[in-house]
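Architecture at a glance
One-letter residues, chain by chain:
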Amino acid sequence: MYVIANERRQDADEIETLLDRAFGADRHAKTSYRLREGVAPIDALCFTGRADGVLKATIRYWPVSIAGQEALLLGPLAIEPAERGKGYGVALMWHSLAAARALGHRLVILVGDPEYYERFGFRRAVAERLVLPGPVEARRFLGLELAPGAARGLKGAVEKSRSDLAYRRTA
Ligand SMILES: CC(C)(COP(=O)(O)OP(=O)(O)OC[C@H]1O[C@@H](n2cnc3c(N)ncnc32)[C@H](O)[C@@H]1OP(=O)(O)O)[C@@H](O)C(=O)NCCC(=O)NCCS
């Protein structure tokens, strides 16, 4: 059975290994990582997917700041290579987006394949006037308004959030 749960501290090493397998060990050179360096992910939005107790999938979200407005950077999302196409990714996406909406987050951005992410409502137009701190293929830079109009009039640089401490687990 496939079970989605909040990421625990002891999952960290397994997740790093899965991410290396999914994206390659040079993944830290990607532009998205410029926004993650030294910033904690949002614990309440980091989930694992396990089948019979074995890690198969991971999703994380990072806080970012755009023209003074807080937003979420989705990713990485990765599924164990041998387990793709079973719906694990879609399940993690819907689960985490519902959690983000419930927590009052208004805007999510990501760098990924539009052919995959459009099914969740991500659109190029939402991120069109935003600028990431490094090169990305423009068509892959997407956004989703969790609150209608959250990105209206929004433009400028996407920066590291300075409020990440607020999202850290205290226990
Ligand atoms: C992309 C990824 C997260 C998808 O997860 P998954 O569990 O294999 O996908 P699911 O089984 O939930 O969804 C399957 C559907 O997504 C589609 N899909 C999977 N990867 C896709 C891609 N890269 N582009 C477009 N569609 C994709 C499948 O065709 C299938 O479509 P259908 O439902 O219309 O038949 C997974 O393949 C993965 O980890 N890839 C490597 C890392 C990566 O690219 N992560 C995403 C950041 S860009």
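Here is a short report on the structure shown in this document. (Residues numbered from 1 in each chain as written. Predicted model: local features only at pLDDT ≥ 70, side-chain atom pairs only at ≥ 80, totals over all residues. Heavy atoms only, no water.)

Quick look at helix α1 (residues 12-23)
- Between its first and last C-alpha, α1 extends 16 Å over twelve residues, near the 16 Å set by a 1.5 Å rise per residue.
- Where α1 is concerned, the buried positions are I15, L18 and L19. The arc that holds every buried residue of α1, seen down its axis, measures 100°, which confines them to one face.
- Those residues of α1 that are buried are in contact with β2 (47-51), β3 (54-66) and β4 (69-79).
- Following α1 by one or two positions, G24 adopts a phi angle in the positive range, close to 90°. (Helix = DSSP H or I, 4+ residues; strand = E, 2+ residues; numbered from the N terminus. Expected span 1.5 Å × (residues − 1). Buried < 20%, exposed > 50% of the residue type's maximum accessible area, 1.4 Å probe, protein only. Arc of directions from axis to C-beta. Contact = heavy atoms within 4.5 Å.)

Here's the deal with helix α3 (residues 88-102)
- Helix length check: α3 (15 residues) gives 21 Å between terminal C-alpha atoms against 21 Å at 1.5 Å per residue, within 8%.
- Listing the buried residues of α3 in full gives Y88, G89, L92, M93, S96, L97, A99 and A100. The arc enclosing the buried residues of α3, seen along the axis, measures out at 160°, which places them on a common side.
- At the C-terminal side of α3, G104 shows a positive phi close to 90°.

Focus: the environment of S96
- Mapped onto the fold, S96 is located in helix α3.
- Apart from the residues within four sequence positions on either side, S96 is in contact with L45, F47, I59 and Y61.

Things to note about the pairing of strand β8 (residues 156-160)
- In the sheet, β3 pairs with β8 via three bridges, with the strands oriented antiparallel. What sits directly across from I66, in β8, is V158.
- In this sheet, β8 lies alongside strand β6 (residues 130-131) in parallel orientation, the contact comprising two bridges. Paired with L130 across the bridge in β8 is G156. (Pairing = 2+ DSSP bridges.)

Observations regarding the pattern of salt bridges
- One pass over the full model with this rule turns up 14 salt bridges.
- Ionic pairing is found between E80 and R21, a salt bridge with its closest N-O pair at 2.7 Å. Residue E80 is located in the loop between β4 and α3, and its partner R21 is located in helix α1; the two are separated by 59 residues in the primary sequence.
- We classify E80 as buried; its relative accessible area is 15%.
- Here R21 falls in the partly exposed class, since its relative accessible area comes to 46%.
- Salt bridges sharing partners connect three or more residues here, namely E7, E16, D20, R27 and R60. (Salt bridge = Lys/Arg side-chain N within 4 Å of Asp/Glu carboxyl O.)

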